[in-house]
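Residue-level structural notes
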Amino acid sequence: MPTLKRRKDDGYFIHAAGDNNPVNTFQVTDRGAEIVKSSGRALDEFFPDQLFYLLHDLDHLSTKGAEPTDPTIGDITNIDWATDELSIESRVQVALQLIETHGVNQLFDGDAAKWVLGLTGNAPVLLEPLVEAIATAAGYSYETIHEYNEMFHDGERLLAVALCAYLQYQWLRDTATFNGESQHRQHRVVHGSTGTHIYIEVPSAEQTTYTIPTDLPESIDDDLRDELRDVWGLGVGSAGFAALSSFELTNRHDVENGVILPAERLADFPIDLPPRSELTEQYEALRLLQNHIEHVLSSPNSDVEYGDGSICDQWYQHVHDRLTNGSDGEQPLGAQQGSRVAHTAQTYRDCYGDGEQVTDFKFITQTQPDESEQLRLFGFGIFDHSEQVQVPVAPETEAPLPIYPQSEHELTHAVALLDEFPAKPSAGTPA
């Protein structure tokens, strides 16, 4: 049986003595090593041959000065992929690592598909982490997959339902066409977004399948396709496209009929989006700036806090006033957003962002704080280095608005930048 070992340069190699392998030392990629470690096996501890063959199939193995691995390894077919040398939980962890390193799509092909096939039919409680990861990638919750499985498959096909849900999402992302689907566009409504998926209500009379095929894709491993065929045909493929997605829309947004659309296809989908609005974008940009300032005022790593009269606290009040009290005799931006446009700011975030914030601005430029601000914010641990912090750019001077001004001069300059934004921005133009 093979063992994972550490090289002197901190890389990894595998020692795999045995009759099947005339070469017994294999270099392994870091990602391949992570797959082995996800099984729970430690360095210098034997791991199952099935994992070794899986690494070979995924091109994680090579031999020094020779072609990658020995060609006879790939010819071995009498493999029991449902190995009892690893627990179900450990085999699930390997599948999760495959998703992290290769994506869900890898689970449908080659030895990875055989690994997954060996997991089907096990108790749902043991498969839950894997099912949840696949469901999330497809835009579904674990609860929806579980509910659908209980209703249509007596609780016995949980993993198969999740895999079919992902194939449905993949088809919508890569292949579906929406030509001729415009008759219902005015009645379709965006209810939410995660940044990768858009949740859209559709009319109850709509029976569109968006060209999702009756048969499973030919690219899937043959044995796995056979395992998924009845689940796909019953309700996840074109025969019952609306059922699974409508379950999710009901659970998420309490609407009866809907479609989960990959975010990158929103521009192709026949739906009336809110018009691009300078007003909404200015409101959103200043709201996000206010959130950043609030973060500074509440951080234990800053020397300021709410209501202390500090320069930063005063700057917070200026931004807050623009949102809630207005300027130059105009209504506050929040009130304008409610009275001058038909869409809500949340709908705008769903259609042009990730559901939490707008990420696709047309009228407002967002950028990183200037270098001196970055030193204050990240150097003192107020923000974590992994956080993406963006601020609006003043439209005339093209200077970024500050988050943490610390002197009267900086505050005066900040207010001048804020005043460059119009007190009554344009309400909107067609999307």
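Each value, and the rule that gives it
- Residues numbered from 1 in each chain as written.
- Predicted model: local features only at pLDDT ≥ 70, side-chain atom pairs only at ≥ 80, totals over all residues.
- Heavy atoms only, no water.
- Helix = DSSP H or I, 4+ residues; strand = E, 2+ residues; numbered from the N terminus.
- Buried < 20%, exposed > 50% of the residue type's maximum accessible area, 1.4 Å probe, protein only.
- Areas by Shrake-Rupley, 256 points an atom, 1.4 Å probe, with all protein chains shown as cover.
- Lys, Arg positive; Asp, Glu negative; His and termini not counted.
- Charge placed at Lys NZ, Arg CZ, Asp CG, Glu CD.
- Pairing = 2+ DSSP bridges.
- Axes fitted to C-alpha atoms, helices over the stretch in contact; angles between N-to-C directions.
- Phe/Tyr/Trp six-rings, centres within 6.5 Å; stacked < 30°, edge-to-face > 60°.
- Contact = heavy atoms within 4.5 Å.
- Salt bridge = Lys/Arg side-chain N within 4 Å of Asp/Glu carboxyl O.
- 1 Å grid on protein atoms, 1.4 Å probe; cavity = no way out; pocket = protein on both sides within 12 Å on 5 of 7 lines; lining within 4 Å.
- Points joined across faces, edges and corners; volume = space filled by probe spheres on them.
- Nonpolar A, V, L, I, M, F, W, Y, C, P; charged D, E, K, R; others polar.

1. Quick notes on the overall build of the protein chain
When its secondary structure is counted, the protein chain shows 15 helices and nine strands. The dimensions of the protein chain, computed from C-alpha atoms along their principal axes, are 85 × 60 × 35 Å. A burial count over the protein chain gives 51% of its 431 residues as buried. In the form shown here, the protein chain has an accessible surface area of approximately 19,900 Å², with 46% of it arising from carbon and sulfur atoms. Side-chain charges of the protein chain comprise 26 positive and 71 negative groups, with the mean position of each set lying 4 Å from the other.

2. Notes on the sheet that holds strand β7 (residues 258–262)
With respect to topology, three strands assemble into an open sheet ordered β5-β6-β7, the strand pairing being antiparallel. Whereas interior strands pair on both sides, the edge strands pair on one side only; in this sheet they are β5 (189–193) and β7. Put simply, the sheet's adjacent strands are angled 30° from each other on average, direction ignored. Bridge count between β5 and strand β6 (residues 197–201): four bridges; the pairing is antiparallel. Following the sheet pairing, V190 is matched in β6 by I200.

3. Notes on the pairing of β6
Across the five residues that make up β6, a large majority, four, are buried. Taking the residues between adjacent antiparallel strands as the criterion, β5 and β6 are bridged by three residues, where G195 takes a positive phi near 95°.

4. Thoughts on the packing of aromatic side chains
Per the stated rule, a full pass over the model turns up eleven aromatic pairs. Ring geometry for F108 and Y166: centres 6.1 Å apart, planes at 20°, overall stacked. Within this pair, whereas F108 is found in the loop between α3 (88–102) and α4 (110–117), its partner Y166 is found in helix α7 (residues 158–174), the two being separated by 58 residues in sequence. Joined through ring pairs, the aromatic side chains of F26, F52 and Y53 make up one cluster.

5. Digging into helix α13 (residues 345–352)
With respect to burial, α13 is a largely interior element, six of its eight residues being buried. Of all the positions in α13, only A345, Y348, R349, D350, C351 and Y352 are classed as buried. Buried residues in α13 make contact with β5, β6, α10 (278–298) and α12 (333–339).

6. Regarding the pattern of salt bridges
What the rule picks out here adds up to 20 salt bridges. Among the ionic pairs, D9 bridges to R7, the shortest N-O distance being 3.0 Å. Using a relative accessible area of 55% as the deciding quantity, one classes D9 as exposed. Across the pair E281 and R276 runs a salt bridge, and its minimum N-O distance is 3.1 Å. Of the residues examined, R276 reaches a relative accessible area of 9% and is grouped as buried. Put simply, R157, E227 and D230 are held in one network by salt bridges that share partners.

7. Focus: empty space enclosed by the protein
Regions of empty space are outlined by a rolling probe, equal in size to a water molecule, passed over the atoms. Throughout the structure, instances matching the rule amount to one cavity of 30 Å³ or more. In this model, the largest cavity occupies a volume close to 30 Å³. Lining the largest cavity are A138, Y140, A165, Q168, Y169, L172 and I260. Class assignment of the residues belonging to the lining of the largest cavity gives a composition of six nonpolar, one polar and no charged.

As far as function goes, none of this settles anything; it's purely spatial.
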